[in-house]
Amino acid sequence: MPITDRVKMLRQQSLDAKETLSSERAELLTAFYQSETGLMSEPVRRAKAFAYLLEHKHIEIYPGELIVGEKGNAPKTAPTFPELCCHSLEDLDILNSREKTSFRVEAPTRDAYEKTVIPYWQGKSMRELILNEMTEEWKAAYEAGIFTEFMEQRAPGHTVLDDKIYHKGMLDFQAEIERRLEALDFLHDPEAYDRQEQLKAMHIAAGALVRFGERYADLAAKQAEAESDPQRKAELEKISRVCRNVPARKPSDFHEALQYYWFVHLGVTTELNTWDAFCPGKLDQHLLPFYDAEKRDEAEELLHCFWIKFNNQPAPPKVGVTAAESGTYTDFAQINVGGLRPDGSDGVNEVSYLLLDVIEDMRLLQPSPSVQVSKKNPDRFVRRAAKIIRTGLGQPSIFNADLIVQELVRMGKNVTDARCGGSSGCVEVGAFGKEAYILTGYFNMPKVLELTLNNGTDPRTGRKLGIETGQARSFDTFDKLFSAFERQMLHFVDIKVRGNNTIERLYAKYMPAPFLSLLTDDCIARGKDYHAGGARYNTTYIQGVGVGTMTDELSAIKKHVFDDKTLGMEALLEILAADFAGHERERQMLLNRTPRYGNDDDAADDLMLRVFEAYFNAV
């Protein structure tokens, strides 16, 4: 089906819209916290804050829209989350003026931050709490760039939805919560009160999303009354009926299924600034029960509109030095296509091919679709995906579904949950709808090697950061150098993990996520928050980075210092201290006469595997 004029218009509007920072959420949240000063548990406070945001945020249905709702107060408008990390006025000026991926900061937004948001949240954000609670050795390693910490910028809510919302409305979730509340055992369970408060919070959050849908239903009905064009009038009346049914009840058709997911997506990403957004999971399998082949054109147009909604949501920008140096508009909302069904059979269906058509038609930055390829999938499916990639779009990405299942089972998931899982965000894998993904930051392996070569001292600052693993010039074999590197790496991984354990408890105590929790198995059953171990599986990610750089560095040292002895360790250390100034011949030798990563060279690949296994074992 050719792209309709409606979709062309909405797509172009999305492409033309300028990314803008909005203070609306920050102002509403500030007003809530200033007014709600009474005693209440933190989960209930966060749930009430969520309900307040959804009740008071600006809503609009734009001309031609079929799927409704924006995270900000307009397309391409990003909200801010001062309870996590509060932007300074300097941050706002940087975001407004940076050359790449800038965010327009209008005068009223800057004014609201200066007069209202910053005065209230200064000293109260999670970022400040985290940095205050970390040890001196953690802070020293963090400042030196040995590791980063994601949770000082965004919340640990990276996760993926399964198919539960296509079988249950928010009223059904509330009924399930009520049954759990009635079953609490205050006589024998010392955590019964904590479970009660978490369940009450999830109940409030579910009701808040129902009310959010009703607001859109009322708005659509009002617009329909004033609409003179019969076609648009009928569309608005349909939108009103859709929003009246979902998210309160389970969806009954394709339109309701897409709108329900979109309300849930907005709910999760309004509650907290989750790292790598939120993902629909295996959308082709979720939507198949609602798909009518005779209404393919209608379904395709709805999916086109759905795609545009994702593209309207830039990732909220970061603060501090990260605002100045790191920019992206992508919120990494990945949609899985293909792969396997829960019983291990081929997961490709009619909707899979429909989604591939939509990917090729829309050619948008977001969402980020991926194809999960299994040996069970038909060749036709793989060829169709490859044909799209061949156009140079860069989408969809390709993942090995069979290996993902093996990896998830190795990590402790049962095989059915593993088959229902897949990839999300950048390249993370997990059990969809059942796992808390706690992304904690990057671990800089090349920096650890630099410290190893300097016996624990950072040559950039002269500060002693690591443990003494021996003078590099005294190592007479490569294995001794590598052993020292392993000990140094384990030291810093320990520092990172101790910090992560503290940070995760801080989020569990001060920043619960009741709405995300009710969407994740087994948070309702356990009466525990997503951040507090409520999910069936709880995984902490520390992403080791610089594997290619590490391989090249170690390969150069192994070949030239220990194997060929074309360069002594003492000379290498002097050259590194001079940053190669006056040593161009040696730089060219190390650069060009060394087995390098990414060239199918076993000498380099064996080192890469050795580095990976050392890091894996340390974590």
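Residues numbered from 1 in each chain as written. Predicted model: local features only at pLDDT ≥ 70, side-chain atom pairs only at ≥ 80, totals over all residues. Heavy atoms only, no water.

Description of the pattern of salt bridges
All told, the structure shown has 50 salt bridges when counted by the stated rule. Of the charged contacts in the structure, one is a salt bridge between Asp111 and Lys115, with a shortest N-O distance of 3.2 Å. Remark: Lys115 and Asp111 occur in helix H5 (residues 107-121); sequence separation between them is 4 residues, near one turn of the helix. Relative accessible area serves as the criterion here: at 32%, Asp111 is assigned to the partly exposed category. For Lys115, a relative accessible area of 60% corresponds to the exposed category. A salt bridge links Asp563 to Lys558; its shortest N-O distance comes to 3.0 Å. (Salt bridge = Lys/Arg side-chain N within 4 Å of Asp/Glu carboxyl O. Helix = DSSP H or I, 4+ residues; strand = E, 2+ residues; numbered from the N terminus. Buried < 20%, exposed > 50% of the residue type's maximum accessible area, 1.4 Å probe, protein only.)

Points about the sheet that holds strand E5 (residues 281-282)
Read from one edge of the open sheet, 4 strands run E5-E6-E7-E8, paired in parallel fashion. Edge positions in the open sheet fall to E5 and strand E8 (397-400), since each of these has one partner strand only. Bridge analysis of E5 against strand E6 (residues 334-338) gives 2 bridges, and the strand direction is parallel. Following the sheet pairing, Lys282 is matched in E6 by Asn336. (Pairing = 2+ DSSP bridges.)

Some words on the pairing of strand E7 (residues 368-373)
With 5 bridges joining them, E6 and E7 adopt parallel strand pairing. In the strand pairing of E7, Gly338 is matched with Gln372. Note on the crossover from E6 through helix H15 (residues 350-362) to E7: the handedness is right-handed. One ladder, built from 4 bridges, connects E7 with E8; its direction is parallel. From the neighbouring strand, Ser370 faces E8, where its bridge partner is Ser397. (Right-handed = clockwise from strand over helix to strand, strands pointing away.)

Observations regarding H15
An α-helix turns once per 3.6 residues; consequently, residues spaced three or four apart project the same way. With 13 residues, H15 extends 19 Å from end C-alpha to end C-alpha; this agrees with the ideal 18 Å at 1.5 Å per step. The buried count for H15 comes to 10 of 13 residues, which makes it a mostly enclosed element. For H15, the elements touching its buried residues are helix H1 (5-16), helix H12 (283-287), helix H13 (296-311), E6, E7 and helix H16 (379-390). Looking at where H15 begins, the residue whose side-chain oxygen comes 2.7 Å from the main-chain nitrogen of Val351 is Asn349. (Expected span 1.5 Å × (residues − 1). Contact = heavy atoms within 4.5 Å. Polar contact = N/O pair within 3.5 Å; in protein donor to acceptor, adjacent residues only side chain to side chain.)

So, the packing of aromatic side chains
Under the defined criterion, the tally for this structure stands at 26 aromatic pairs. Their ring planes at 80° and their centres at 5.0 Å tell us that Tyr120 and Trp121 sit as a pair that is edge-to-face. You can call Tyr120 buried: its relative accessible area is 18%. For Trp121, a relative accessible area of 4% corresponds to the buried category. Ring-pair connections join several aromatic residues into one group, and the members of that group are Phe32, Tyr33, Tyr52, Tyr120 and Trp121. Over the aromatic face of Tyr537 sits the side chain of Lys413, whose NZ or CZ is 5.5 Å from the ring centroid. Of note, Arg610 hangs over the ring of Phe482, and the distance from its end group to the ring centre comes to 4.3 Å. (Phe/Tyr/Trp six-rings, centres within 6.5 Å; stacked < 30°, edge-to-face > 60°. Lys NZ or Arg CZ within 6 Å of the ring centre and 35° of its normal.)

Observations regarding the nonpolar core
Of all hydrophobic cores here, the largest spans 150 residues; its most connected members are Met170, Val264 and Phe443. Tallying contributions element by element places helix H9 (residues 192-226) first for this core, with 13 residues. Among the nonpolar cores identified, the runner-up in size contains 20 residues, and Leu53, Ala78, Phe103 and Tyr120 belong to it. (Core = buried A, V, L, I, M, F, W, Y, C linked by side-chain atoms within 4.5 Å.)

Here we look at the environment of Leu54
For Leu54, the location among the structural elements is in helix H3 (residues 42-56). Note on Leu54: relative accessible area 2%, which makes it buried. As for Leu54 and Thr461, which are separated by 407 residues in sequence, their C-alpha atoms are 48 Å apart. In contact with Leu54, other than residues within four places in its own chain, are Ala208, Leu209, Phe212, Arg215 and Thr270.

Points about the pairing of strand E11 (residues 435-444)
In terms of burial, E11 is largely enclosed, as 8 of its 10 residues are buried. The pairing of E11 with strand E14 (residues 537-545) spans 8 bridges and is parallel. Following the sheet pairing, Glu435 is matched in E14 by Tyr537.

Side note on the environment of Arg98
You can see Arg98 is positioned in the loop between helix H4 (89-97) and H5. For the pair formed by Arg98 and Asp276, sequence separation is 178 residues and the distance between their alpha carbons is 22 Å. Excluding its chain neighbours within four sequence positions, the residues that come into contact with Arg98 are Phe103, Ala323, Ser326 and Gly327. In this structure the side chain of Arg98 is engaged in a polar contact, spanning 2.8 Å, whose partner is the backbone oxygen of Thr101.

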